[in-house]
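# Tertiary structure, described
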Amino acid sequence: MKNCLAIFDLDGTLFDTTEVNYYAYKEALQMYGYNLNHDFFTEECNGRHYKEFLPVIVANPDHIEEIHNYKKKAYSKYLSKARMNEHLIRMIPKIQNTYHTAVVTTASRKNCMEILEWFQIDKMFDLILTHEDITQVKPNPEGFLKAMDYFKVDAKKT
């Protein structure tokens, strides 16, 4: 019987998606006349929520949601640029008899499912919580708390 919970982040933990996100955002921004420098993206944007970094790049705030939505559509074109954390992925089946497994990410459900399915690991997780499932992005613990509540597992067993 499972009485513990393992929670995994998507970007930067299960996968290095720096290049996927860079090329998807680069394409989206080009549609609005902006150029995205790779070094700037990796140093200032990668790993941050789009509402934090796009206003620095985009002059018209009305375009931020449009650019982000375009990025989500372009994301799947660049999945081959993702690097899976193979060592971590190999550990998951070894703990599944005693641990519930969950992904908690601020990525969109669309992009999260695309990458999990691309690498054929979507079935490894008992629960997937994405940006659409929470109101507060990380570092706020809302997503982690929701996963713990879903499985009725306390912090000591998570």
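These numbers come from a predicted model, not from an experiment.

To continue, consider the nonpolar core. Residues Leu 10, Leu 14, Leu 116 and Phe 125 are the most contacted members of the largest nonpolar core, which totals 25 residues. If one sorts the elements of this core by residue count, helix H6 (residues 109–118) sits on top with four residues. The next biggest cluster of nonpolar side chains, apart from the first, holds 15 residues, and it includes Leu 29, Phe 53, Val 58 and Ile 64.

Taken in spatial order, the three strands make up an open sheet running S1-S4-S5, and their pairing is parallel. Strands at the two margins of the open sheet, each flanked by one partner only, are strand S1 (4–8) and strand S5 (127–129). Each adjacent strand pair in this sheet contributes to an overall mean axis angle of 25°, direction not counted. The pairing of S1 with strand S4 (residues 99–104) spans five bridges and is parallel. What sits directly across from Ile 7, in S4, is Ala 102. On the sheet, helix H5 (residues 86–95) packs against S1 and S4 and is oriented at approximately 160° with respect to S1. Helix H7 (residues 142–151) contacts S1, S4 and S5 of the sheet and is inclined by roughly 150° relative to S4.

This paragraph deals with the packing of aromatic side chains. Inspection of every chain in the model, using the stated rule, returns nine aromatic pairs. Both rings, one in Phe 15 and one in Phe 119, keep their centres 5.0 Å apart while their planes meet at 40°; by these two values the pair is tilted. A residue pair is termed long-range when its members are at least 10 positions apart, and Phe 15 in strand S2 (residues 15–16) and Phe 119 in the loop between H6 and S5 qualify at 104 residues. Among the residues examined, Phe 119 registers a relative accessible area of 23% and is labelled partly exposed. Between Tyr 22 and Tyr 23 the ring centres are 4.9 Å apart and the planes differ by 70°, which places this aromatic pair in the edge-to-face class.

Turning our attention to the environment of Val 104. Summarising the element assignment, Val 104 is placed in strand S4. Along the backbone, Val 104 and Pro 141 are 37 residues apart, and their C-alpha atoms lie at a distance of 10.0 Å. Excluding anything up to four places from it in sequence, Val 104 contacts Ile 7, Phe 8, Asp 9, Leu 10, Leu 129, Lys 138, Gly 143, Phe 144 and Ala 147.

Attention now goes to unusual backbone geometry. Despite not being glycine, Gln 120 has its phi angle at roughly 55°, a positive value. Its place among the elements puts Gln 120 in the loop between H6 and S5. Judged by relative accessible area, Gln 120 falls into the exposed class, the value being 69%. You will see that Lys 152, though not glycine, has its phi angle at about 55°, which is positive. The class for Lys 152 is exposed, based on a relative accessible area of 67%.

Let's shift gears to the pairing of S4. In terms of residue burial, S4 counts as a mostly covered element, since five of its six residues are buried. A crossover links S4 with its parallel partner S5, the connecting element being H6, and its sense is right-handed.

The next thing to look at is the pattern of salt bridges. Enumeration according to the criterion identifies nine salt bridges in this entry. Glu 27 is paired through a salt bridge with Lys 77; the nearest N and O atoms lie 2.6 Å apart. Highlighted residues: Glu 27 in helix H1 (residues 18–30) and Lys 77 in the loop between helix H4 (64–74) and strand S3 (83–84), separated in sequence by 50 residues. Look at Lys 77 and you get exposed, because its relative accessible area is 54%. Of the charged contacts in the structure, one is a salt bridge between Asp 133 and Arg 109, with a shortest N-O distance of 2.5 Å.

Conventions we followed
Residues numbered from 1 in each chain as written. Predicted model: local features only at pLDDT ≥ 70, side-chain atom pairs only at ≥ 80, totals over all residues. Heavy atoms only, no water. Core = buried A, V, L, I, M, F, W, Y, C linked by side-chain atoms within 4.5 Å. Buried < 20%, exposed > 50% of the residue type's maximum accessible area, 1.4 Å probe, protein only. Helix = DSSP H or I, 4+ residues; strand = E, 2+ residues; numbered from the N terminus. Pairing = 2+ DSSP bridges. Axes fitted to C-alpha atoms, helices over the stretch in contact; angles between N-to-C directions. Contact = heavy atoms within 4.5 Å. Phe/Tyr/Trp six-rings, centres within 6.5 Å; stacked < 30°, edge-to-face > 60°. Right-handed = clockwise from strand over helix to strand, strands pointing away. Salt bridge = Lys/Arg side-chain N within 4 Å of Asp/Glu carboxyl O.

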